[in-house]
Amino acid sequence: MSVDLLTGYSYSEDPQTIVREAASGFTEDPGTILYFSPVSVFEKLTQAISLRFPNSRTYGVSTYYSFFEGRNNGNGYGPGTVIIGFGDSFDCSGGVIEDIKMHPVEFAPAIDKALHKVPEENTVCLTFTTAFYGAEELVLDTIASVIGNRDIHVAGSSSGNEKWERTTFVSYNGRVFSSASIFLFVHNRNGRIEVLKQDMFVPMRAEFRATSVDIRKHIIYELDGKPAAAELAKQLHFELYELNEHLHDYGLGRKVGKTLYTTDILKITREKGLEMLAAVYGGMKLCLLERGKYDKCLSNMVAGIRKKIPAPRFMLYVNCISLTTYYQNIGWMDIFTAGLGTLAPAFAGISGYGEQLDRVNINKTLMGIAFE
Amino acid sequence: MKKDNDGIIYTKSKCIGCNGCMLGCPVFDANKAIVVNGGTYLVVDSDRCVHCGSCITSCPHGSRDYRDDTDAFLAALNNRENLSVVVAPSFLLRYPEQSGKILNYLKNRGVTNIYDGGFGGTLSTWALVNFLENHPEGGFAIAECPVVVNYLEKLSMKGIQHLAPVFSSVMCMGIYIKKHFNDTAKLVFLGNCPARKDEFESPGAEGIYTYNVTYKRLMSRIDASEYEDLPQEVELDCSYPSNMLFAGGDAKNGVAQFIDPDKHVLTVMGGQRFYKYADSFCDNIITSENGPYIADILNCEHGCLMGPADDKNIMEYIRVWERRAGILAKARKGTDEMLVDRAGVSPAKRLDELKKSLNTFLSYLNPADFRRDFSDRYYQQPQIPDAIINEVFDYMHKYKEEERHVNCHSCGYGGCREMAKAIALGINRRENCVYFEKYENQRLYLTDLDTGIPNLNSFNNRTAELMRKHEVSKYAVASFSLMDNDLMYSRYGYDEVNKCIKEYARIAGSMVSGRELIARKGDVEFLTIIEKNKMDDFLLNLNEIVVHPSIGQREEEFVINICAGVYQPTEEDSVGDIIGKASIAHRAARERKSPCCIYYDDSMKDGSVEASFLTKAFSDAIKKREFVVYYQPKVDLRSIKLHGAEALVRWIHNGEFISPGRFIPMFEKNGYVVHVDFFVLDQVCRDLRAWLDAGLKPVRVSTNFSKVHISNLVTRSQRPAGSVGGGADNDPSHDGPKVFQSSAPELVGQIVDVIDRYDIPHELIEIEFTETTAAGESERLAQVIRDLHEKGISTSIDDFGSGYSSLNLLQTMDFNVLKIDRGFLTAGIKDPKTREIIASVIQMAKALEMQVVAEGVEKYEELEFLRDKGCDMIQGYYFDKPMPGEDYRNRLVSPEYEIREN
Ligand code: SF4
Ligand code: SF4
Ligand code: SF4
C-alpha cells in the first residue's frame, strides 16, 4: 500500500504522546516528514520522530503557532505540533544549510545535489531558517544562486517561538540546529504548485528613502537623511518615547509595481535607528504601512488561490507571528483558521518570525502554497 | 562586532572624503562613507578591514593612521612594570644608527630582557618543516603575514583550509620565550607591522604578547636627547648572525632551504598582486597537481623589512637590504652553522643539520607548541538583485544606461555598479558619486528644495529657451500665490502647511506638460508658463486643488484658492519684463484679497508705484476716516431749486488732497473701491440722519457703486463646494478680475443694512452705477437693480453715453434716473451732432419714464439748451461745485437758486 499525503496534529506537551497522536493516521511511513512544533518540546520531539520514522527523511521547524486541519475536531491552531507526511505522490529532496550567518553559500553544492533529484516543473523549494541571525537573505541568495532561472518558487518561514523569545530551531534527520536553515524541494506528481502571498498592512501617505542602513544588522539608521526613529515618530505624530509601544501597529514596505514587500519594525536601537525583522537596502524608497482590513488577507488568499488552483488537495500556510498575535488579540483565530481550511481537504501552517518568498525576506504576510 | 573606526586602522577627523584611500583597498566593504556635518567622511569597518595599511600610504591627506601599543608600553615602562622586548631583526637594519642606542635606552629604563626576534624564524621554519613532513601533499600558504591571514580568514571562503597551521616567527619566538625561558615579564614586540596585533589576539595566542610596538611610533615618542649618548652596541638574548636570514620574513631563506628543490615554493611579495586571485588560488591553484607546494605570501612589497607602518621609501629599502647583506657576509666568515657555504648540500642534509643544531638546545621543543588554529571570519556578501540595483541607480539620478556606466572611479570603486551595490549595502552614499554631485548641484540650482518642483532659475532658463526659439508668444505667464495661508498656519502649524505646500506643488507640477513649467518663486508664490490658450483652464484647476493637512491623527481636506496675475509675452520682452509684468498683475490680483485672476495691462505698470503707495495708505485711511464726502447739488430745471445731490468722495491724506482720479481707478483694480463705496454710503446716511434730526428736509442723495461690485457677484451655483468664498468665471474675454465673492441679494442686503442702520427713508438714497459694466455681468446688474427697486431705493445710470453698450443696458434694466455723460457737454453744444444726440437721449429717457440729469453743466447756454430739450436736472459748476457736508447743509436750509446769464 502506498501513502499519499498525511497530516496529523497533537496539542500534547509530551513528545511520545505527540508522535502517537499526530501520527495516528499514518498507515505507512512517508518518505519525507515535515513538522512544526513549539520550542519547548522541539529537541525531544525530534528524537522521538526519528525513532518512530527511521526510514523517513525528517525536517522540523519550531513555531509560534501551528495551524492544521483537525478532521472531526474542527480545524485547530495553537502552540501544538503538526506533522505532514509527503508520500508517494511527491518527490522530495532536501538538506540542511549550516553556517547561515556567515557563508551559507558553502552549502550550495548540497542544494544543487538535492535540486537535481527532482524534476523542475511543479516543484517548490520550501525553506525554514532559524530567526534573528539576519541570515534569511543570505540563505535565499544561496538557494537562488543554485536555482538560477528555473521555474521553481522558493517559499518559507523563519522559525518561531511560542513565547515570543529569540531561541528557535530547525531540525534535519534527527539533528537539531539553533542556527541553520533547512531546505526541501517538493515536487507534486499530481499537478501544479502555486505560491501566493497576501499583505494585511497597507501603505499610508508617508514615504521615505532609507538613506543609511546596516543590512547585516537589519538596522535603518536614517530615513530621508534624518534619524530613523525620530522621523517615523514625527510621521505618526508620536513622541519618540511613545513610539516603541506602537511599533507593531506599523511597518515599512517596498512597493515593486503592485507588489508590496512588508518589513516589520522590531525595535528602536540605541542610536535611535530602527531594527527591522528583514534587511532593508540602502537607497530604497519605503512607504509607511498601517494595518489594513484584517480579514482581507484571508479572503484575498482564498480567492487568489481559487483562481490559480480551484481545488488544491493540500495547502501549506505561513502566517507571520505578528498577524497571528493580532488575530488572537481580536478573537479572530477561530474564523481565520476555519478560513484556511476552506481551500483544501488538508492543510497545515506555521507561524514564525518572518516569511520568505523567492529572493525576498518579508514580514506581516500570509503566504499560501497550494498543491493541486 | 567592533565599532567602525575602532580597530587597528582608522580615519582621523581631518578626512575630507576624497575616496583616495579606497583605490588600493583590497576589501570591497572595508571603507564606509558616513556623513558628518554635511560632509562625507570615510571610516574603516574594523570587522572587514584586513589591516593591510595600503590606505595609510594612499591617503593624500594624512587622514588614515594605525593604532599600536607604543603609548601603553611607555606608560607601563613608566610604571616600572616587568617588561621584556622581542626585537624584529629589521629594526637593526632600518635604524642602524639608533637601534642599539634605543634598545640600551629601554634596558636602562628597566626592560628585563631584549630578545632577537630573528630566532623566531628558525623556530617557525622548524615547526613548519615538521608539519610538512606529516603533510607531504603540500598545498599550503605560510601563515607568517597577519594581513594575509586576515584576508584569507575574512575574504576567502576556503582560505583557512589552505593555511599551514603554524604560528609566525614572531609568535613562535614569544611562545619559546614564555615556555622555555620562563620569562614572566609582559612581552613586547617591537616590529614594523601594526597588523601583528591580530595574531597576538588570535585563538591560542592569548597571553603571550601584551604590546605590539612599531618602530616609527616608538621613535616619534622618545626624544633623541634621551638616547643619543648611549652606546650603539647592544647585547641581545637569543641572538645569532643567522637570525638575519629571517629579516624580511622571506621563506626562501627559511623553509625552502629544507625541502626538495623540485617542489615549488611560491613567494609573493605584495598582497595587491595576490588578493584579487585569492579565491582562485584557494579553489584551484594551490590544490592543483602542479600547484605550489608551499606559498609564502606577504602583504608588503618589501616584506616585513618595511611593513604597513613604514614610509616605504624605495631608496631606504635598498639601503636596508645592503646592510643585511653586509651583516650576513661578515657572519659567513664566522662559525654560525646556518651561514657556512651551503652550495652542494642537499636539502635533506640541511634539514638534518638544522634538526641537529636545534636539538642541541631545543630537544625539549614540541612542534605542537607552535601549532595554531584559524578563525572562519568569512562573510558571504549579500547578492543584490538587479531590481534593487536599478532602484539605487534611480536614487542616484542615473536613469539612462550610459549614466550607469560612467565608471569614472572617483567613488573609489571599480565602477558605477559597484557603487550602487555599496549604497544598497549601506556602506556608501550617493553623495559620494561625482556624477550625482554634479547632477545634484544642477538640481539644487534649478529646483526648489522644499517642494521638489523647479525654482526661479529653472523658470528663467525655460523662458529664455522659448524666447530663443521665438516661441514665447505662444505661451502665457502667470504669477500666482496661494491664499488663506495665514489661516492655514494658525490652524495646522508650520510643518503641516509646508507639507501642504509640497502636496500642492506636486499636484500642480503634474499638471504641466511639454515645455510648460511651474516653478516656486517664494513661500506661497509660484510662476508658471503655459500654452496661452490653456492658461485660463489651468488657473481654474490650480484654484481647486485639495490638500490634506492633519490635526493630530486626523487628516482634513483643505481647498487651496489662488490669486493670479497673467501676462502674455511678446517677442520683444526680456525674461525680466515677462516676470515683472506678470508680477504687477499678480500684485493687483492679490490686493483684491479674494481668489481671482487679473490679466496685465500697461496702465498697471504705469501706476504700479502709485498703486503701491495708495494701497499701503488705504487701510489707515479708512481707520482714520481720511475719506470725506462732498456733495454736489442737482438743481431742478423747472423749479430752479435743489432737488438732489451726488455724494462724491475725497481723500485728504496727511493734509494732502488726493483726487479721486488718482485713487478710484486704482481701487477699482485692486477691489478696494468696494470698501470706499460703502464708506461713502455710510457717511451719506450719517449726514442724512444728522440733517433729519436737525429738522431739515434733505433731498435724495445719489452715491456711486462701482462696477467692481457687479464683477464680484457670483450666482450661488457657481461657487465650488468648500471653497473659501469664491468660484471662478471662466470668460477669457475679461480683462478684469474673474473670481467672484458674493451674490446679488447679498449686495443689496448690505446696502439696505447700512441705510437701515441710520433709519433713513429708502427714497432718500439713489445708487449710481456706471454703464461700462461688462456685457457678461448685465444679468447680475439687472438683478441688483430689481432688488434695489423692491426695497424702494432708486437707481441711476451714470456717465450715460461714455460706453458702448448703453442702449443695451437701457433695454435690459429699469434705472430710475439717467445721467448724461459730461463728455457731451465738454464737446460743446454748438456742435449740431452733439445737440442732436443729447436731445435724442433725453427724449428716449423720457419715453422710458426715466428722469434725466445732465452732469458738468457750466454755462448758461448749456442750461438753456437742456431745459429746452426737457432735461429734468442739472449738476455742475453752473450752480454749485462739490462741497463739504456743512456747506451743503446750508443749501438744504435755503434750496433756491438763481439763473444767471453768465
Ligand atoms: S588597511 Fe587595507 S583593508 Fe583596511 S581599509 Fe585600509 S586599505 Fe582597506
Ligand atoms: S584618502 Fe580616505 S582617509 Fe584620506 S582623506 Fe581621502 S577619504 Fe579620507
Ligand atoms: S559616476 Fe560611477 S564610478 Fe564615477 S563616482 Fe559615480 S558611481 Fe563611481
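Rules used throughout
- Residues numbered from 1 in each chain as written.
- Chains lettered and ligands numbered in written order.
- Predicted model: local features only at pLDDT ≥ 70, side-chain atom pairs only at ≥ 80, totals over all residues.
- Heavy atoms only, no water.
- Helix = DSSP H or I, 4+ residues; strand = E, 2+ residues; numbered from the N terminus.
- Buried < 20%, exposed > 50% of the residue type's maximum accessible area, 1.4 Å probe, protein only.
- Contact = heavy atoms within 4.5 Å.
- Salt bridge = Lys/Arg side-chain N within 4 Å of Asp/Glu carboxyl O.
- Patch = residues over 30% accessible without salt bridge, like charges linked within 9 Å, V, L, I, M, F, W, Y side chains within 5 Å.
- Areas by Shrake-Rupley, 256 points an atom, 1.4 Å probe, with all protein chains shown as cover.
- Lys, Arg positive; Asp, Glu negative; His and termini not counted.
- Charge placed at Lys NZ, Arg CZ, Asp CG, Glu CD.
- Near = heavy atom within 4 Å.
- Nonpolar A, V, L, I, M, F, W, Y, C, P; charged D, E, K, R; others polar.
- Buried area = accessible area lost by both parts, 1.4 Å probe.
- Polar contact = N/O pair within 3.5 Å; in protein donor to acceptor, adjacent residues only side chain to side chain.
- Phe/Tyr/Trp six-rings, centres within 6.5 Å; stacked < 30°, edge-to-face > 60°.
- Lys NZ or Arg CZ within 6 Å of the ring centre and 35° of its normal.
- Expected span 1.5 Å × (residues − 1).
- Core = buried A, V, L, I, M, F, W, Y, C linked by side-chain atoms within 4.5 Å.
- Pairing = 2+ DSSP bridges.
- Axes fitted to C-alpha atoms, helices over the stretch in contact; angles between N-to-C directions.
- Parallel < 35°, antiparallel > 145°, perpendicular 65-115°, else oblique.
- Left-handed = near helix turned anticlockwise from the far one by under 90°.
- 1 Å grid on protein atoms, 1.4 Å probe; cavity = no way out; pocket = protein on both sides within 12 Å on 5 of 7 lines; lining within 4 Å.
- Points joined across faces, edges and corners; volume = space filled by probe spheres on them.

The helix and strand inventory of chain B stands at 33 helices and 32 strands. Burial statistics for chain B: of 902 residues in total, 57% are counted as buried. Residue pairs in contact within chain B that sit at least 24 positions apart in sequence constitute 73% of those at least 6 positions apart.

A few words now on the pattern of salt bridges. Applying the stated criterion across every chain yields a total of 69 salt bridges over all chains. A single network of salt bridges, built from pairs that share partners, joins Lys634, Glu646, Arg700, Glu766, Glu768, Lys819 and Glu855 of chain B.

Let us look at a negative patch on the surface. Residue and element names in this part refer to chain B. Among the surface-exposed residues, Asp223, Glu226, Glu228 and Asp229 lie close enough to one another that they form a single negatively charged patch. Along the chain, glutamate 226 falls in the loop between α9 (215-221) and β10 (265-269). For glutamate 226, a relative accessible area of 44% translates into the label partly exposed.

The local shell around ligand 1 holds 13 residues, among which Cys25, Cys49, Cys52, Gly53 and Cys55 of chain B are the closest. Here the residues of the shell around ligand 1 are counted per class, giving 8 nonpolar, 4 polar and 1 charged.

This part takes up the environment of leucine 138 of chain A. Residues and elements named next belong to chain A. One can find leucine 138 in helix α4 (residues 136-147). A relative accessible area of 3% means that leucine 138 is categorised as buried. The spatial distance from the C-alpha of leucine 138 to the C-alpha of valine 105 is 7.9 Å, given a sequence separation of 33 residues.

A separate point is the interface of chain B and chain A. A common way to state how big an interface is: give the accessible area lost once the parts meet. Contacts between chain B and chain A engage 32 residues on the former and 30 residues on the latter. For the chain B and chain A pair, buried surface summed over both sides reaches about 2800 Å², with 52% attributable to carbon and sulfur atoms. Seen at the junction of chain B and chain A, the total is 6 salt bridges. In this assembly, chain B and chain A are joined by 11 residue pairs in polar contact (both at pLDDT 80 or more). Looking at the side of chain B that touches chain A, the elements with two or more residues in it are α14 (386-395), α15 (416-424) and α19 (494-509) of chain B. The dominant element in the side of chain B that touches chain A, judged by the number of residues it contributes, is α14 of chain B, at 4 residues. Each residue belonging to the side of chain B that touches chain A can be placed in one class, and the counts come to 13 nonpolar, 8 polar and 11 charged.

Take the environment of phenylalanine 73 of chain B next. All names here are of chain B. Its location among the elements puts phenylalanine 73 in helix α2 (residues 70-78). Judged by its relative accessible area of 1%, phenylalanine 73 falls in the buried class. Along the backbone, phenylalanine 73 and valine 213 are 140 residues apart, and their C-alpha atoms lie at a distance of 7.5 Å. Apart from the residues lying within four places of it in its own chain, the contact partners of phenylalanine 73 are Leu83, Val85, Leu106, Val111, Val188, Tyr211, Val213 and Leu218.

Once that is clear, we can look at the packing of aromatic side chains. Counted under the stated rule, the structure contains 63 aromatic pairs over all chains. Considering the side-chain rings of tyrosine 294 of chain A and tryptophan 332 of chain A, the 4.9 Å spacing of their centres and the 80° angle between planes classify their relative orientation as edge-to-face. Of the two residues, tyrosine 294 of chain A sits in the loop between β20 (285-291) and α7 (296-308) while tryptophan 332 of chain A sits in the loop between α8 (321-329) and α9 (333-340), which places them 38 residues apart along the sequence. Residue tryptophan 332 of chain A is classed as buried on the basis of its relative accessible area of 8%. A ring pair is formed by phenylalanine 189 of chain B and phenylalanine 200 of chain B, whose centres lie 6.2 Å apart and whose planes are at 85°; its orientation type is edge-to-face. One end of the pair, phenylalanine 189 of chain B, is in strand β8 (residues 186-191); the other, phenylalanine 200 of chain B, is in helix α8 (residues 196-200), with 11 residues separating them in the sequence. The two residues phenylalanine 189 of chain B and phenylalanine 200 of chain B agree in class, both being buried. Each member of the aromatic cluster is reached from another via a ring pair, and the members are Phe618, Phe627, Trp651, Phe663, Phe667, Tyr672 and Phe679 of chain B. Positioned above the aromatic ring of tyrosine 10 of chain B, the side-chain terminus of arginine 67 of chain B is 4.1 Å from the ring centre. Over the aromatic face of tyrosine 66 of chain B sits the side chain of arginine 217 of chain B, whose NZ or CZ is 4.1 Å from the ring centroid.

The next point concerns the side chain of serine 351 of chain A. Within the secondary structure, serine 351 of chain A sits in strand β22 (residues 346-351). Those residues in contact with serine 351 of chain A that lie beyond four places of it in its chain are Thr63, Tyr64, Tyr65, Phe67, Gly160, Asn319, Cys320, Ile321 and Thr324 of chain A.

Residue and element names in this part refer to chain B. Here helix α21 (residues 575-591) is 17 residues long and its end C-alpha atoms lie 24 Å apart, about the 24 Å a rise of 1.5 Å per residue gives. Across the 17 residues of α21, 12 count as buried, placing the element largely inside the fold. Here α21 has its buried residues at Val575, Ile578, Ile579, Lys581, Ala582, Ser583, Ile584, Ala585, His586, Ala588, Ala589 and Glu591. Looking one or two residues past α21, lysine 593 carries a phi angle of roughly 60°, positive in sign.

All names here are of chain A. Along its 12 residues, α4 runs 16 Å from first to last C-alpha, staying within 8% of the 16 Å computed at 1.5 Å per residue. For α4, the buried fraction is high: 11 of the 12 residues fall into the buried class. For α4, the full list of buried residues reads Glu136, Glu137, Leu138, Val139, Leu140, Asp141, Thr142, Ile143, Ala144, Val146 and Ile147.

Our next topic: the nonpolar core. Counting residues in each nonpolar core, the largest one holds 90 residues, and the members touching the most others are Ile220, Leu232, Leu243, Leu252 and Leu274 of chain A. Here leucine 232 of chain A is in contact with Phe208, Leu243, Leu247, Ile265, Leu274 and Leu288 of chain A, once residues within four sequence places are set aside. Grouped together as the second largest cluster of nonpolar side chains are 88 residues, Phe663, Tyr758, Ile767 and Leu892 of chain B included.

Another aspect to go through is the sheet that holds β10 of chain B. Read from one edge of the open sheet, 3 strands run β7-β11-β10 (chain B), paired in parallel fashion. Edge positions in the sheet fall to β7 (140-141) and β10 of chain B, since each has one partner strand and no second.

Moving on, we get to the environment of threonine 17 of chain A. Residues and elements named next belong to chain A. One can find threonine 17 in helix α1 (residues 15-22). Sequence separation between threonine 17 and alanine 48 is 31 residues, and the spatial gap between their C-alpha atoms is 9.6 Å. Beyond its immediate sequence surroundings of up to four residues, threonine 17 is in contact with Ser10, Ser12 and Ala22. For threonine 17, the side chain forms a polar contact with the side chain of aspartate 14, separated by 2.4 Å.

Residue and element names in this part refer to chain B. It is at 8 Å that the axes of helix α25 (residues 673-693) and helix α27 (residues 744-757) come closest, and there the two elements cross at 30°. In terms of their interaxial angle, α25 and α27 are classed as roughly parallel. Remark: the crossing between α25 and α27 carries right-handed chirality. Seen from α25, the contacting residues are Phe678, Leu681, Asp682 and Cys685; seen from α27, they are Leu747, Gln750, Ile751, Val754, Ile755 and Arg757. Residue composition of the contact of α25 with α27, grouped by class: 7 nonpolar, 1 polar and 2 charged.

Residue and element names in this part refer to chain B. Reading across from one edge, β6-β5-β8-β9 is the order of the 4 strands in this open sheet, with parallel pairing throughout. Edge positions in the sheet fall to β6 (114-116) and β9 (209-214), since each has one partner strand and no second. Direction aside, neighbouring strands of the sheet carry axes that sit 25° apart on average. As paired elements, β8 and β9 share 5 bridges and run parallel to each other.

Position of lysine 32 of chain B relative to the elements: it lies in strand β2 (residues 31-36). Within the local environment of lysine 32 of chain B, its side chain forms a polar contact with the side chain of aspartate 4 of chain B, the two groups lying 3.1 Å apart. Here lysine 32 of chain B is in contact with Asp214 of chain A together with Asp4, Tyr41, Leu42, Val43, Gly426 and Ile427 of chain B, once residues within four sequence places are set aside.

Within this model, the largest pocket holds a volume of roughly 2300 Å³. The wall of the largest pocket is formed by 48 residues, among which Glu207, Asp224 and Gln235 of chain A together with Asp450 and Lys502 of chain B lie closest to the centre. The leading source of residues in the lining of the largest pocket is α19 of chain B, at 9 residues. Taken together, the residues that form the lining of the largest pocket break down as 12 nonpolar, 12 polar and 24 charged.

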